[in-house]
Every structure is written in structure tokens, then in C-alpha cells.
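Listed here are the chains, written in short residue letters.
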Amino acid sequence: MADIGAHSGGKRVKNGHESLTASPGATLAESLRQKLEAAIAAGHLEPGSRLDEQEIAQRFGVSRTPVREAFRLMAANNLVELRGRQGATVRSIKAQALVEMFQVMAELEGLCARLAARRVSQAWGAQIGEIHQRLVTAGETGDVDVFYDINQEFHEAIYEASRNVFLADQTRRLRNQVAAYRRRVTKMPNRIADTIREHEAIMHAILAHDPERAHSAMRDHVNLLGDNLLDFLAAFE
């Protein structure tokens, strides 16, 4: 299984174990769910991969009870499938369903961008500009993993800028479900250069307080259209 702690804030301790400290008001199961979901969202736990209950319990120094509960919570969020004696596996999504999910994702992110264009201050430009510059630098190095993580930061900043907590939460939930597949999109030929160009258009529209242009630019950026859709579907063959 992937090194969860390396990608979701866990701290490595002796014998390969990772610390698991529950957040204020959160149970061990909830904290474990957050770590596992972060690994899935980052694309480090691939669709179809099995989550070993005993291994996870040993890694985080907990009993199997919070691990099982974390699996149930993740299943409720459609991130894993529970298969009886076979345990839990990261959910795989069929191509047609995935295309439909990307279409909805595009509208949700487009709405985040639309609201951000209406609500952000010019001071927000410094924050998004710094993230974008790091994205450009990562693109020049060709490190897809670093690029993907910074790309997530860019989108997260726009969710927050929408100043609509419910919308941001729903967008994250759907993003987490398709995260591993979004990473695959990032690995498509020319996608890094296209992403940088599209992010610039989104950023400029938001800072110009142009809701319609921001919505359109973000929707087209996230959605799978034309040849990109055909190329993406071909990857499933």
C-alpha cells in the first residue's frame, strides 16, 4: 500500500509506524478517515487498490475498530467499496460515469469561480499569484506529482474565495471521488502547459471581477471536451 503518511501529514515514527492524533472533537476513526481520504485525493491510493485493515491498524498504532469505522465513513462518501471478507478497496469508476462526474465537477468549480469573481479582494491576487508561480516552476521541472499537488492548492484557493462553505464542501467531496482520475488527466500529453494557460485565464477573469468569464474559463478547464475526452477514454482500453 502507498505511504500514506508521506502524503497526508502523518509523521513517521519507529518501526514504520505513523502518529495518529485525533483533531479536537474528532474520533480516531474520523482522523484516520481524513488521512486515508487525503491519500486518495492526492492520487497516491489508486482505484481498485485494496486497503489492508490489519496493516493500517499496525501502521497507525490503533485497533481494528477505528479502521473499520473509517472504512464505513469513506464508503458513505463513495470513496471505497466494502466487499465483505475481501475488505475495502478504493472505488473504481466506469468511464461513462466518470465523464458525467467531470461534467458536474466542471459546473461546481465554475460556480466557485463565478462567486470568487464577485467576492474576492485584490489582495487575494497575491495569494493566487504565488500559487500559480509555483505551478509554473513545477511545470518547468516536469515533476507531475509536485505539479498535481500545487494544482490542487490553486483550485482550493478558489473554493475558499467563493465564500460559500456548502458549495466548497460539496465540490471537495466530488473532487475527492475523481481525484485519481484527475491525476491521470494531468499526465496526458501537453496537459501541463494547457493547465498553466487555462489557470492564467481563470485567475485573470476572477481578478477582473468578471463572473461570466470566470465561470466559463473554469468550466472548460475542468470538463473533458473534444479530443481530450477521446484521449482520456482511450486510456481505459
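Cut-off values and rules
- The numbers attached to residues start from 1 for each chain and follow its sequence in the written order.
- Only residues with pLDDT of at least 70 get local features here, since the model is predicted, and only at 80 or more are side-chain atom pairs given and counted; chain-wide, interface and lining totals rely on the full set of residues.
- The basis for the side-chain values is all heavy atoms of the structure; hydrogens and waters are excluded.
- Every helix listed is a DSSP run of H or I at least four residues long, and every strand listed is a run of E at least two residues long, numbered separately from the N terminus.
- Accessibility here uses a 1.4 Å probe with only protein chains present; expressed as a share of the type maximum, an area under 20% marks a residue as buried, one over 50% as exposed, and anything in between as partly exposed.
- Here, residues are in contact when the closest pair of their heavy atoms is within 4.5 Å.
- Here the accessible surface of atoms and residues is derived via Shrake-Rupley with a 1.4 Å probe, and residues count as covered only by protein chains that are part of the display.
- Definition used for salt bridges: Asp or Glu carboxyl oxygen within 4 Å of a side-chain nitrogen of Lys or Arg.
- Under this definition, polar contacts are N or O atom pairs within 3.5 Å; protein pairs additionally need one hydrogen-donor-capable and one acceptor-capable atom, and for neighbouring residues in sequence, both atoms have to be side-chain atoms.
- Note on geometry: axes are lines fitted to C-alpha atoms, helical ones only across the stretch in contact, with angles between N-to-C directions running from 0 to 180 degrees.
- Angle categories are assigned with fixed cut-offs, so that under 35 degrees is roughly parallel, over 145 is roughly antiparallel, 65 to 115 is roughly perpendicular, and the rest are oblique.
- Helix crossings are classified by the rotation of the near helix relative to the far one: an anticlockwise turn of less than a right angle makes the crossing left-handed, while a clockwise turn makes it right-handed.
- Scored from 0 to 100, pLDDT records how confident the predictor is in each individual residue.

(A) Seen up close, the overall build of the protein chain. When its secondary structure is counted, the protein chain shows 11 helices and three strands. N-terminal to C-terminal, the α/β element order of the protein chain is α-α-β-α-α-β-β-α-α-α-α-α-α-α. Looking at the protein chain residue by residue over its 237 residues, the buried ones come to 46%. Long-range contacts, defined here as pairs at least 24 residues apart, represent 73% of the contacts in the protein chain between residues at least 6 apart. Summed over all atoms, the accessible surface of the protein chain reaches about 11,700 Å², with 50% contributed by carbon and sulfur.

(B) Here's a closer look at the pattern of salt bridges. Counted under the stated rule, the structure contains 21 salt bridges. Residues Arg134 and Glu130 are paired through a salt bridge, measuring 2.6 Å at the closest nitrogen-oxygen approach. Separated by four residues within a single helix, Arg134 and Glu130 lie in helix α6 (residues 124-141), roughly one turn from each other. Overall, the relative accessible area of 40% leaves Glu130 in the partly exposed class. Among the ionic pairs, Arg173 bridges to Asp169, the shortest N-O distance being 3.1 Å. Of this pair, Arg173 and Asp169 both sit in helix α8 (residues 165-186), four residues apart, which is roughly one turn of that helix. Of the residues examined, Arg173 reaches a relative accessible area of 40% and is grouped as partly exposed. Residue Asp169 is classed as partly exposed on the basis of its relative accessible area, which comes to 32%.

(C) Seen up close, the side chain of Arg33. Counting through the fold element by element, Arg33 comes out in helix α2 (residues 28-41). There is a polar contact of 2.5 Å between the side chain of Arg33 and the side chain of Glu37. Once you skip the residues sitting within four places of it in the chain, Arg33 turns out to touch Ala70, Leu73, Met74 and Asn77.

(D) Looking closely at the packing of helix α3 (residues 53-60) against helix α4 (residues 64-76). Closest axis-to-axis distance for the α3/α4 pair is 9 Å, and the angle between their directions is 120°. Overall, the two elements α3 and α4 adopt an arrangement that is oblique. The element α3 and its partner α4 pack so that their crossing is right-handed. Listed contacts from α4 to Glu53, Gln54, Ile56 and Ala57 of α3 are Arg64, Val67, Arg68 and Phe71.

(E) Main features of the confidence of the model for the protein chain. Residues at a pLDDT of 70 or more form 84% of the protein chain, whose mean pLDDT is 84. Looking over the protein chain, one finds the lowest element-wise mean pLDDT in helix α1 (residues 4-8), namely 42, and the highest in helix α10 (residues 211-222), namely 96. In the model, residues 5-16 has pLDDT below 50 throughout and makes 18 contacts with residues more than four positions away in sequence or in other chains.

(F) Examining unusual backbone geometry more closely. Positive phi outside glycine occurs at Arg163, with the angle close to 55°. For His209, which is not glycine, the phi dihedral falls at a positive 55°. Among the secondary structure elements, His209 is positioned in the loop between α9 (191-207) and α10.

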